[in-house]
Each structure stands twice: as C-alpha cells, then as structure tokens.
Amino acid sequence: MFRPIATTVLSCFMLLAPLTASAESADDVRGRIEDLHGNADGFDEAFKLVTEAMKFGDPVTISDLGNYPLTVNANGETYDILSAKDMLDNYGSLVMQETQNAVSEQQYGDLIVNSDGVGLANGALWMSAICDNDDCTQSHWAIMSINN
C-alpha cells in the first residue's frame, strides 16, 4: 500500500536533486564576483581571512574586516555596531557559534553572488567591495552584515 507512494516520493526527490545541488565551480563564482564587483583578488584574500577567523574564533580579524556601522542580527534583535572596538567587545554575544561554524565551512563554489555583494553560509555573513577612491578603481572587501 505504501510502496507506490514511497516510489513516487523517491522519484520526485531524484528529479529535484539536480536542481537543488547546483554548486558552481570556483572559477565561475570568481568570474561573477569580478564581473559584478571587481577586485576578485581582494575578495579571495578577504574570504580566506574571514573563514579562518571564524574557524579559529578570531574576533580581532572579524572586527578589522567590518565596515562600520555594521548591522548584526543576533538574539532576535538588530544591532548597529558603530566601531571595530564595539564589535570586538561584544563579539561573543553578536556572533553565534553556529554562524562561525557555517562561515568557516563555506565552499567557494557555494557562495551567493549578487549586485549587493557576496553572501557566505546562506547569507549569514555578507561582504561587499568598498571603494577606496572616487572612481572606485581601488577597493577593499569588508563585512557589511552578520545574520545569526
């Protein structure tokens, strides 16, 4: 009695699997970052810094990578963190362990890339290129928001 239903459900999952598990190659993602934001080399460096900092619990690096005011959603509240010192002083209550774990395990091919920036860990952390001069020919990457 349940066998036809189970077979139908399994068939549906098999058909949907290719649609949901569509990680891109790192080169494709890197190309989209360069096309939309430029400075993909700078992103590569920032990506390495942020994932390692989250892996090893390094609040100094995360604080240094922030663009302030930095929006942090934590504990059911939204906080506007005004400075790196504020982020550093409150890191333990602003960046949950599950967020740190998810960001530290981020695969390059699974990044979210859109016109707003690059999302890590399904949008738990967003980075964007910040212009360093008027014509934006020079930029650096910074954390724009953290969403626990």
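Source: prediction; values computed, not measured. (Residues numbered from 1 in each chain as written. Predicted model: local features only at pLDDT ≥ 70, side-chain atom pairs only at ≥ 80, totals over all residues. Heavy atoms only, no water.)

(A) How the structure looks around the overall build of the chain. Helix and strand counts for the chain stand at six helices and six strands. Counting every position in the chain, which comprises 148 residues, the buried fraction comes to 35%. Long-range pairs, those at least 24 residues apart, make up 48% of the contacts in the chain with a sequence separation of at least 6. Summed over its atoms, the accessible surface of the chain is roughly 8,800 Å², and 54% of this surface lies on carbon and sulfur atoms. (Helix = DSSP H or I, 4+ residues; strand = E, 2+ residues; numbered from the N terminus. Buried < 20%, exposed > 50% of the residue type's maximum accessible area, 1.4 Å probe, protein only. Contact = heavy atoms within 4.5 Å. Areas by Shrake-Rupley, 256 points an atom, 1.4 Å probe, with all protein chains shown as cover.)

(B) Geometry of the packing of helix H3 (residues 40–56) against helix H6 (residues 97–104). Where H3 meets H6, the axes come as close as 8 Å, and the angle between the chain directions of the two elements is 135 degrees. Our classification of the angle between H3 and H6 gives oblique. As for the relative orientation of H3 and H6, their crossing is left-handed in sense. In this structure, H3 uses Val-50, Thr-51, Met-54 and Lys-55 to contact H6, whose residues at the interface are Gln-100, Val-103 and Ser-104. Tallied by class, the residues present in the contact of H3 with H6 amount to three nonpolar, three polar and one charged. (Axes fitted to C-alpha atoms, helices over the stretch in contact; angles between N-to-C directions. Parallel < 35°, antiparallel > 145°, perpendicular 65-115°, else oblique. Left-handed = near helix turned anticlockwise from the far one by under 90°. Nonpolar A, V, L, I, M, F, W, Y, C, P; charged D, E, K, R; others polar.)

(C) Structural detail: the packing of helix H2 (residues 26–37) against H3. Their axes nearest at 9 Å, the elements H2 and H3 cross at an angle of 120 degrees. Compared by their axis directions, H2 and H3 come out oblique. On the side of H2, the interface is formed by Arg-30, Ile-33 and Glu-34, while H3 contributes Ala-40, Asp-41, Phe-43 and Asp-44. Its residues placed into classes, the contact of H2 with H3 shows three nonpolar, no polar and four charged.

(D) The packing of aromatic side chains, seen in detail. Summed over the entire model, instances satisfying the criterion amount to four aromatic pairs. Centroid distance Phe-43 to Phe-47: 5.9 Å. Interplanar angle 35 degrees. Geometry classified as tilted. Linking Phe-43 with Phe-47, this pair stays in helix H3, spanning four residues, or about one helical turn. We classify Phe-43 as buried; its relative accessible area is 0%. The exposure class assigned to Phe-47 is buried, which follows from its relative accessible area of 11%. By the ring-pair criterion, three or more aromatic residues cluster together here, those being Phe-43, Phe-47, Tyr-108 and Trp-141. (Phe/Tyr/Trp six-rings, centres within 6.5 Å; stacked < 30°, edge-to-face > 60°.)

Read these as spatial facts, not as claims about activity.
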